[in-house]
Amino acid sequence: MQCVSIVTHCKYNFIMNRILFLLSAVLSVCSVAAQNYSSVKGAVFSESGGDALQYVTVAVMDTSGRVIGGATTDSLGMYSISVSGNTSESRLLVSFVGYVEQDHPLSDMVETSSGGTAVLKDIFLKDDAQMLAGAVVSDKRQLLEHHFDRIVLNVSELAVARTGNALDVLKSSPGVTVDKDGNIKLNGQTVSVWIDGRPSQMSGKDLEAYLQGSTGDAIEKVELISNPSAKYDAEGSGGIINIKTKKGFMKGLNGSVRLAAGVHFLPKASWEGSISANLMYKTDKTSTAFSYSPGYWGDYDGNSEQKRYGDDYSSFQETGSFTRGDYMGHNISLGNDWKISRKDVLGVNFRVSLSDNRSKVLPGAMVTDYRNYGTGDQYIWSVLNGMSSDSSKGERYSLNLNYTRTFDESKAQELTINADYNRNMTDGFSMQKNVYDKELSSPDAEGLKNYGFRDGTLRILDLYSFKADYSQNFWKETGRIEAGVKAAVSDTRNRFSRFDYIPETLDDLSEYPSERNDFTYDEQVYAAYFNVAKQFSEKWNAQIGVRGEYTVQQGDWMTGIPADGADSGSTKTYKDYFDAFPSAYVCYMPSQKAILTANYSYRLSRPKYWQMNPFRSYMNATTYSQGNPLLLPSYSHNVSLSAVLFSRLTLTAGYSHNRNYSDMQVPVLDRENGMMGLIYANAGVQQYVFGAVSLSELPLTKWWNLTLNANYSYVMFNAYSGIAEGIGGNLDNRGGQFSGFFSTTFFLPESFKISLDGWGVTSQTAGYYRFNPMMSLNFNVEKTFLDGDATLALRVNDFANTMKFRMNLDTDGIRTYSLRNGYGKIGLTMSFTWRFGKSSGNSRRNVGSLEEDSRM
């Protein structure tokens, strides 16, 4: 029995051991399964005061150190993370500037779990002054960086980015100024504005509305490229400003909404308003961005134009008008990137821009002609009363398809392919009626007849572009090569008809059009480029490149039509030419606080279709604009030197030599009747010398900073002899000017901020013309609330009422033409901005480059 008992006991122990082993295995598997969560959530607090901490970074990492989920805490210190990976052996990393970083096994932090979601224990971070000091020194990016051919402004280090808009950020960029019409200039020259590596496809009011409607904290960097390298199209000498927006790595939805309304007071009250919504949604494989910005601007304006003409300039003509304008615009963009694999990304971007622009010359417009002007025998020859109106509706569509393949990440070996299509369609009409006042006119002017017309225009421009770019590091990662090819084709079709009013009544129109302007214009550009860059030491690096472009231009200009309606023929033009455009850059960095750069580029400006169209487009009753089919490209040599010091101070000097200068119109004055034509021509040689100094948010105290951009330029224009002989006078011109922007900001308690900013320019020379000084002073007050997510701002524009335009032309010492605007831009604007979600920087790709879009 004892043996049986022993055997029975042994079997019992054996069975129990087996059961315990299996139970332990099952529990172990269950434990592992319990650690594989699809989401985790919790809260973070300050250990010292127990306060909830906002903007703390919380990340879940797998065994390889790869982040498989992340988030930042909200105003209550709460976070929720969607996890894309196995969490069985993952870790939880919690970090915030000024606090000790914490790193825990995720399994140790789980308090409860249900349905795949783990609720983690509360986390208390300890203050660490040493870490805070270390973060300021080691983690904070330099405000200004210098990369081969560009200066980079890290917008996250700008205070204005947290409460201002994108236009405010640009004004704080080195060498950037914005004039009264919203035109953006770099070192005094007009530039092309790009967004995320692609031309913005906007200008004037459209671009201004977009930038004002985009929050400053949505921008990651601003790249200032004064002399673009061979990688970029050779078109244009002003350079490029590329705005890089943030692309968040946090999953889910984030974005901003902005509402703005304003009023201008002079010469009469006019209203404006805009809305901007920017949204982004990100998942593991896709990133989607959407924006919509509608806006309305009303405007009253007054202009005065004077001319001197006649063999002895004894005739004088003065035109005065008062205009009401209305502008409505809608900008919509949608883009998506798909991460096909670790090395392949496919993207699509679509943008729509709609506009409706209307203006009307109000009753009272008058053209007065004098004879024997300036003598005792001066008298009024004729008085012409005019009225006019015009409207223009525009539709612009763009589509970009792009693909990026990364072959070797260690060598940054990458190929990017872009295919673009753009359509720009304009449909407009204008009307003008001019009636002579016989009671105020001289009896000798009885033969003058009333006149007027009504016309309509339909213009369609299509652009197609394909390009491929390849880049790779070499020479043990101290060198880099870039190469690419591109083909761009544009097709412009224009239809225009003008019908005259019957002079006796100005009520009925003629049966047949008095003028036609039907033309087609095609342009093809084929290009290839090669760049090589080399870092020779920690202090020296350089880059050289060359770009070749072959251009074909064809035009068929069908202008004029006889009274019976039959076609009167056309003028055909054809040009083709090849040019090589070299570029070179040298950079020397003696220390971390100083970067010195010298660069050179050779560029061109091709004639635009409106500059080649020989049709006369009347600006008013006695002034017209006309193109020139024989216009040639202009070419420029550009050299600049720059220094970035202490990350906030930028010094720049440069020189440009432009031959066949054509960015202006030659004034051709009929001395018998005062009719003036402004004709596009290769007018001469213009040389441009400039120097600039920029301070970006220099901290004067802890609560006060200063931004300053100051520029001096000197222009020397020498007209070609044929131009001077054609207009009967010497139009050589030269002169210097100062221009600049300043902004000073005071940070007050209770999240208030006040600032004063201004823009100004002294007298300046542009070709034949001389412009009078202008300036504008503006005042701002802002309040931030809702834990920093909302901003309410009030802006007083041009409170000194000094933004007034004056332009003059002197011929042989006599002022033969002047144009002026008698009213400033004084007004008020109020805006509200709300930001939601969290975003952070992310890698981006070399996507899109429809550089020729500025020609639209």
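Residues numbered from 1 in each chain as written. Predicted model: local features only at pLDDT ≥ 70, side-chain atom pairs only at ≥ 80, totals over all residues. Heavy atoms only, no water.

1. What to know about the overall build of the protein
Turning to step 1, where the next piece is worked out: Within the protein one finds 8 helices and 48 strands.
Turning to step 2, where the next piece is worked out: Taken across its 856 residues, the protein has 50% of its residues classed as buried.
Turning to step 3, where the next piece is worked out: At a minimum sequence separation of 6, the contacts of the protein that also span at least 24 residues come to 67%.
Turning to step 4, where the next piece is worked out: For the protein, the computed accessible surface area is about 39400 Å², with 58% contributed by carbon and sulfur atoms. (Helix = DSSP H or I, 4+ residues; strand = E, 2+ residues; numbered from the N terminus. Buried < 20%, exposed > 50% of the residue type's maximum accessible area, 1.4 Å probe, protein only. Contact = heavy atoms within 4.5 Å. Areas by Shrake-Rupley, 256 points an atom, 1.4 Å probe, with all protein chains shown as cover.)

2. Digging into the pattern of salt bridges
Turning to step 1, where the next piece is worked out: Tallying each qualifying case throughout the model produces 22 salt bridges.
Turning to step 2, where the next piece is worked out: Here Asp-356 makes a salt bridge to Arg-358, at a shortest N to O gap of 3.3 Å.
Turning to step 3, where the next piece is worked out: One salt bridge connects Asp-455 with Arg-498, and the closest N-O pair in it is separated by 3.2 Å. Remark: Arg-498 occurs in strand S27 (residues 479-500) and Asp-455 occurs in strand S26 (residues 451-474); sequence separation between them is 43 residues.
Turning to step 4, where the next piece is worked out: On the basis of relative accessible area, Asp-455 is assigned to the buried category, the value being 9%.
Turning to step 5, where the next piece is worked out: One continuous salt-bridge network, built from bridges that share partners, spans Asp-233, Glu-235, Lys-486, Arg-547, Glu-549 and Arg-606. (Salt bridge = Lys/Arg side-chain N within 4 Å of Asp/Glu carboxyl O.)

3. Concerning the confidence of the model for the protein
Turning to step 1, where the next piece is worked out: Here the protein averages 79 in pLDDT, and 81% of its residues register 70 or above.
Turning to step 2, where the next piece is worked out: When the criterion is pLDDT under 50, residues 848-856 qualifies, and its contacts beyond four places in sequence or with other chains add up to 47 contacts. (pLDDT = per-residue confidence, 0-100.)

4. Thoughts on unusual backbone geometry
Turning to step 1, where the next piece is worked out: Phi is positive for Asn-660, close to 60°, though the residue is something other than glycine.
Turning to step 2, where the next piece is worked out: At Asn-801, a position not held by glycine, the phi torsion is positive, near 55°.

5. Things to note about the environment of Gly-479
Turning to step 1, where the next piece is worked out: Inspection of the secondary structure assignment puts Gly-479 in strand S27.
Turning to step 2, where the next piece is worked out: Given the relative accessible area of 4%, Gly-479 is considered buried.
Turning to step 3, where the next piece is worked out: With 55 residues separating them along the chain, Gly-479 and Lys-534 place their C-alpha atoms 4.2 Å apart.
Turning to step 4, where the next piece is worked out: The contact partners of Gly-479, leaving out residues within four places of it in the chain, are Gln-472, Asn-473, Phe-474, Ala-533 and Lys-534.

6. A word on the sheet that holds strand S2 (residues 57-61)
The pairing of strands in a sheet happens through backbone hydrogen bonds and is either parallel or antiparallel.
Turning to step 1, where the next piece is worked out: A sheet is described by the order of its strands in space; here 4 strands give the open sequence S3-S2-S5-S6, paired in antiparallel fashion. Edge positions in the sheet fall to strand S3 (67-72) and strand S6 (102-105), since each of these pairs with one other strand and no more. Pairs of neighbouring strands in the sheet enclose a mean axial angle of 15°, with direction left out of account.
Turning to step 2, where the next piece is worked out: Bridge analysis of strand S5 (residues 91-95) against S6 gives 4 bridges, and the strand direction is antiparallel. Bridge assignment links Val-94 to a residue of S6, and that residue is Gln-102. (Pairing = 2+ DSSP bridges. Axes fitted to C-alpha atoms, helices over the stretch in contact; angles between N-to-C directions.)

7. Digging into the nonpolar core
Turning to step 1, where the next piece is worked out: Membership of the largest hydrophobic core comes to 22 residues, with the highest contact counts inside it found for Val-44, Leu-92 and Leu-120.
Turning to step 2, where the next piece is worked out: Elements with a contribution of two residues or more to this core: strand S1 (39-46), S2, S3, strand S4 (78-82), S5, helix H2 (106-109), strand S8 (117-120) and strand S9 (123-125).
Turning to step 3, where the next piece is worked out: Contacts of Leu-92, omitting those with residues within four sequence positions, involve Val-58, Ala-59, Val-60, Tyr-79, Gln-102, Asp-103, His-104, Leu-106, Met-109, Leu-120 and Ile-123.
Turning to step 4, where the next piece is worked out: Leu-153, Ile-184, Ile-243 and Cys-587 belong to the second-largest nonpolar core, a separate cluster that totals 21 residues. (Core = buried A, V, L, I, M, F, W, Y, C linked by side-chain atoms within 4.5 Å.)

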